[in-house]
Amino acid sequence: MSDLVNVYALLRSKFAENNFSLRYPPTYIRELTQNSDKIILAFVEHDVPVKHDRDMCANSPPIKDRSDSDSLNLTGSPLKDDVIVEELELTGDDVRSTKMWTNEEETLGPLSTEAARSLLQNYINQDCRIGSGELWALCSGTDMDRTVLLQLTVYQADAKNNRKFGRGIVRFTGQRPCASITLAELRSIHRQRAVGMTPAPKIHIRQWYNLHPHIAIRLSWHTMTENANFIAERKASVRISQRLAINIGDYTKYGSPTEYLWQQLQRLALLSEKIVDIRANRVSGYEMYGAHSSNAETVEFIKEKVNSILCKFQAVELSDFTFTTIANMVEQVRNRNLTDVMEQLYDVLILNLTYDDLKSCIDYIFQLAAHANIVNIPSNGTRFAHLIQAMIQDVPTLTSAEPYELLLEVGFTKLMHDFQLIFAECGFYELDFETLFQPQLTNARKSRYNADTVRSGGKTISKASVGGRTGSLSQLGQGSGMLVIEKSIPVRHFDEDEVNMKLSRLAQVHLLVDHLLSLEEFINISSIYGPVCEAYLAQRPLGYHQVYNRDTDLLELDVSEEKLVSLTHKLLPCARRVSMSSSNMVQKLETVFYQNAQPILPERFYPHFRPQEDSAMTDEQMFWCLEYDKIERL
């Protein structure tokens, strides 16, 4: 773990003519080092107007890979880790282009190699014995070795207050055809630089492959064989990565199979917003939530439907699901027969209604329950169902946001039922919303519109009771195997934080279904679906309003599946990282050979690295090659 605050302060005070940033590593450094600890970077300032955005990203930690690995660029190369901004909201580091760097990293210009070396050496000459971590300087690559990065590792002072340093250098070695690079050649280069050192037996290899434009696989393995090559071993570690386009236009324009699930989510989010508006005494909360204003004919039509649902015997057939594919199951659930009374009522009440018309229709339901012999009694556990069951004793008077609150709860139940049917009938994962809806360990501040109870004299009292509500509502409870009616339990039970958490989790489940549909279409290896669900739902979800404001969503996990390895056999890698080391009693040398089909450094600063037009015209896959040597004092 780096501890560079004092080092950073010293550099800024002693070398004020230079630009420094205490930040998480830029893309190109993470790709080479596989390290996400904070560093100090020396650079030349460019595009000052965007400096604020750059500094914000610099202080936002990258999403840490649970397997200590890097993400994948699904356009054809290893991708930078995403950046967390405002509670894990992902920035635009997505699949929008083939470049390997972020926009803010284009503001970090290089120093000359001579200036970078002088700067790091001058720091060594300073009397600073506090702090540890890595200092990096971005270089122009115009020297004979084409140096693009210099590194100085500062170690903690020992018991005698002595300091130790390590050094690193990254060189650009040009463009080469993929087929011309051999492991024997790389081993030879390393050994030439490690004269007098004993080579470690293991060579670590990582290769990335594009299975489809948005799906990539990373294979990792080590070898100790002298004549080894770059063909992946059967037991290589496999990491699959998929970036799914999720912006709203995709669901509506292209008719996603899960569009109806997304529309239900949108409807619930809108209901939630209306409830908050009403509780805050905002007029907008009482406005209609549909696309068109309702009229008397619509209200009468809905009341007729309600009467039919509650008071007439219905021959509703249970849906007979037959699992063939996930896509087919999603479609079957979308077209399923609604057998639950509350789901049928919700399906009718959610039609375009004004606040007053919705309240009128719900009042009509209560009147039917109180004065008619309803034959289809609701059985699910929502408060709306309990109230309908209890109407014979007590008819409630709905006020404020209560009509929306009743509808919102039933809507949640309906959508969760849809999701559970999809997963249950597919049979590869058991979706447990009770566990998913457990409160997250955060310090989120409670909304002032949430609380339905207040403390008085050490006792919890309903706000409805405190306010002197005369229309107290009843709810059915279970006791000794018989239904017992309990008085003075209000219909109001809205917690904004709880609702937002449910929306966020349901949005996460929705995107998971889309990920599964994509994997089924392009990979079709059913054994990975269960691990995909576990890994994806184990992540803390983004806020609901953040989820759909991004361009893509990343699914990434380690899997144990030889079939995925076999899919890469006829493909050329889009990137490769090979590391090997040698050591003696004094020091250790590690060499990393990094090759990528795309340049990983901002091209605006390295126009001299671009190949000549005649050399660029080739059918062979070309690799941009970098070599990173790191010397560590033992």
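Residues numbered from 1 in each chain as written. Predicted model: local features only at pLDDT ≥ 70, side-chain atom pairs only at ≥ 80, totals over all residues. Heavy atoms only, no water.

Per an unreviewed UniProt entry, the protein carries the name Protein zwilch and comes from Anopheles darlingi. Regarding the protein, the UniProt comment filed under Function (unreviewed entry) reads as follows: "Essential component of the mitotic checkpoint, which prevents cells from prematurely exiting mitosis. Required for the assembly of the dynein-dynactin and MAD1-MAD2 complexes onto kinetochores. Its function related to the spindle assembly machinery is proposed to depend on its association in the mitotic RZZ complex." (UniProt positions renumbered as here; feature names shortened; annotations may be inferred.)

> Can you walk me through the environment of L557 in this structure?
Tracing the backbone through its elements, the reader meets L557 in strand 19 (residues 552-559). Sequence separation between L557 and I240 is 317 residues, and the spatial gap between their C-alpha atoms is 5.8 Å. In this structure L557 touches V238, R239, I240, P531, V532 and A535, once residues within four positions along its chain are discounted. (Helix = DSSP H or I, 4+ residues; strand = E, 2+ residues; numbered from the N terminus. Contact = heavy atoms within 4.5 Å.)

> What's the story with the pattern of salt bridges in this structure? I'm lost.
Opposite charge on two side chains lets them pair, provided their charged atoms get close. Scanning all chains against the criterion turns up 19 salt bridges. Where E104 meets R23, a salt bridge forms, and the shortest distance between an N and an O atom there is 3.1 Å. Taken as a pair, E104 in the loop between strand 6 (89-90) and strand 7 (108-109) and R23 in strand 1 (residues 19-23) lie far apart in primary sequence, 81 residues in all. Here E104 falls in the buried class, since its relative accessible area comes to 12%. Judged by relative accessible area, R23 falls into the buried class, the value being 2%. Connected through salt bridges with shared partners, the residues R171, R193, E627 and D629 form a single ionic network. (Salt bridge = Lys/Arg side-chain N within 4 Å of Asp/Glu carboxyl O. Buried < 20%, exposed > 50% of the residue type's maximum accessible area, 1.4 Å probe, protein only.)

> What is the right way to look at the packing of aromatic side chains in this model?
In total, this model carries 12 aromatic pairs according to the counting rule given. Aromatic side chains F172 and W624 sit 5.8 Å apart centroid to centroid with 35° between the ring planes, which places their arrangement in the tilted category. Of this pair, F172 sits in strand 10 (residues 165-177) while W624 sits in strand 22 (residues 622-633), and the two are 452 residues apart along the sequence. Judged by its relative accessible area of 5%, F172 falls in the buried class. The exposure class of W624 is buried, given its relative accessible area of 13%. Members of the aromatic cluster, connected to one another through ring pairs, are F172, Y606, F609 and W624. K502 extends its terminal NZ or CZ atom over the ring of F412, reaching a point 5.5 Å from the ring centre. (Phe/Tyr/Trp six-rings, centres within 6.5 Å; stacked < 30°, edge-to-face > 60°. Lys NZ or Arg CZ within 6 Å of the ring centre and 35° of its normal.)

> For this particular structure, what's the right way to read unusual backbone geometry?
Backbone phi values are negative for most residues with the exception of glycine, while trans is the configuration of most peptide bonds. Residue S400 is not a glycine yet carries a positive backbone phi of 50°. Mapped onto the fold, S400 is located in the loop between helix 12 (383-390) and helix 13 (402-426). Positive phi is not limited to glycine here, since N524 has a value of about 60°. Topologically, N524 is positioned in the loop between helix 16 (496-522) and helix 17 (529-537).

> Help me understand the state of the cysteines in this model?
Put plainly, a disulfide is one covalent bond tying together the sulfur atoms of two cysteines. Evaluated as defined, the whole model comprises zero disulfides. Left unpaired, C625 is separated from the closest cysteine sulfur, that of C178, by 9.2 Å. (Disulfide = S-S within 2.5 Å.)

> Would you explain the side chain of Q508 in this entry?
Tracing the backbone shows Q508 in helix 16. For Q508, a relative accessible area of 6% translates into the label buried. Setting aside chain neighbours within four positions, we find Q508 in contact with Y536, L537, Q539 and P541.

> Before we go on, may I ask you to explain the packing of helix 10 (residues 341-349) against helix 13 in this structure?
A pair of packed helices can be characterised by two numbers: the angle between their axes and the separation between those axes. Axis separation between helix 10 and helix 13 bottoms out at 10 Å; the angle between their running directions is 115°. Regarding helix 10 and helix 13, the two cross each other, and that crossing is left-handed. Within the contact between the two elements, helix 10 uses M342, E343, Y346 and L349 and helix 13 uses L407, V410, G411, T413, K414 and H417. Its residues assigned to classes, the contact of helix 10 with helix 13 comprises five nonpolar, three polar and two charged. (Axes fitted to C-alpha atoms, helices over the stretch in contact; angles between N-to-C directions. Left-handed = near helix turned anticlockwise from the far one by under 90°. Nonpolar A, V, L, I, M, F, W, Y, C, P; charged D, E, K, R; others polar.)

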